[in-house]
Amino acid sequence: MGTILVTGGTGTLGRPVCELLRADGHEVRVLSRHSPPYAVDLRRGGPLLDRAVDGVDAVVHCSNIPRGDKEAARLLIEAARRADVPHLLYISIVGVDRVPLGHYRTKYAVERMIQGSGIGWTLLRATRFHDLVLRLLQGLAKPPVMLLPRDVRDQPLEVTEAAARLAELAARPPAGRVEDMGGPEIRTFAELARSYLRASGRRRRLVEVPLPGGAYRGLRRGGHLAPDRAVGRVTFDEFLARRFGGPEETAGA
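Every value quoted in this text rests on a predicted model; they were computed, and no experiment measured them.

Draft legend 1. The arrangement of the nonpolar core in detail. Within the largest apolar cluster, 26 residues are counted, with the highest numbers of intra-cluster contacts made by V6, L13, V17, L21, V60, C62 and L166. Taken together, the elements giving at least two residues each to this core come down to strand 1 (3-7), helix 1 (14-23), strand 2 (27-31), strand 3 (58-61), strand 4 (88-93), strand 5 (121-126) and helix 6 (159-170). Tallying contributions element by element places helix 6 first for this core, with seven residues. Apart from residues no more than four positions distant in its own chain, V17 is found in contact with V6, V60, C62, A163 and L166. In terms of nonpolar packing, the next biggest core, distinct from the first, is built from 25 residues, A52, I77, A79 and I114 among them.

Structure representation (structure tokens):
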């Protein structure tokens, strides 16, 4: 059993990663802005970051910083080099090299930084988590009419399944880019929205609209999907049933 540092260890993904690693007998260090003893803002680094990485067998980089991902990765890589960390594991998103969204471009840049870091690395790409799709639909449902992107599909994945895969990889030697993880179903946004409205008991009129730009074209082409890696087990309807209560329905219900 080793010592493993998890960045973003109090977040949606990082928390279950930490729990699984501890259950497997590893010593886990949690790095988060508000989690002593390693309360570190990765965009600024500092002596606490050096202490956090000192002597660890692996770093699992789960932090997601909308404005600062590249700077955080740079400082983490530099600290890991100084500490001779043997393994840096990064979770990215399926399609970062195919869909020109700003957030995806940043993730792709971080991938390349890690690959060129000189540190042993593992890279896992996953489709979007159920939680993120739910937050997106909740935002779209605020007006009385839900405007949805036409002809766009998604493949939501259960976050605990991604966490289990990360915990497994963290205990192994660096593996480079491993196979992607996708959710069990590919569904249109309209189908996902209907599932959400049914589970939450809300009523909204759905209107699908085309959007401009290359990012929308990339999404329509399915660049963010992993149909050949639909390895997830928990469907979006099952996730919603647990979140809101009620029977677990299948996509075709």
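Draft legend 2. A look at the state of the cysteines. In the structure shown here, the tally under the stated rule is zero disulfides. Free cysteine C18: the closest other cysteine sulfur is in C62, separated by 7.5 Å.

Draft legend 3. Quick look at unusual backbone geometry. Note that the residue after P36, namely P37, is joined by a cis bond; omega there is 5°. Phi at D84 is positive, roughly 55°, even though this residue is not glycine. Structurally, D84 can be placed in the loop between helix 3 (69-82) and strand 4. Phi is positive for D151, close to 60°, though the residue is something other than glycine. Along the chain, D151 falls in the loop between strand 6 (145-149) and strand 7 (153-154).

Draft legend 4. Up close: the environment of Y38. Within the secondary structure, Y38 sits in the loop between strand 2 and helix 2 (47-53). In this structure, the C-alpha to C-alpha distance between Y38 and Y216, residues 178 residues apart in sequence, is 39 Å.

The rules behind the values
- Note on numbering: residues in each chain are counted from 1, in written sequence order.
- It should be noted that, the model being predicted, local features are given only for residues of pLDDT at least 70 and side-chain atom pairs only at 80 or more, the latter also being counted only at that level, while totals for whole chains, interfaces and linings use all residues.
- Derived side-chain values reflect all non-hydrogen atoms in the structure, with water molecules and hydrogen atoms excluded from consideration.
- Grouping buried Ala, Val, Leu, Ile, Met, Phe, Trp, Tyr and Cys residues that are joined through side-chain atoms within 4.5 Å yields what is termed a nonpolar core.
- Think of it in three bands: residues with accessible area under 20% of the maximum for their type are buried, residues over 50% are exposed, and the middle band is partly exposed, with areas taken using a 1.4 Å probe on protein chains only.
- Secondary structure counts use DSSP, requiring at least four H or I residues in a row for a helix and at least two E residues in a row for a strand, with both numbered from the N terminus.
- In what follows, residue pairs with any heavy atoms lying within 4.5 Å of each other are defined as contacts.
- Here, the term disulfide refers to a pair of cysteine sulfur atoms separated by no more than 2.5 Å.

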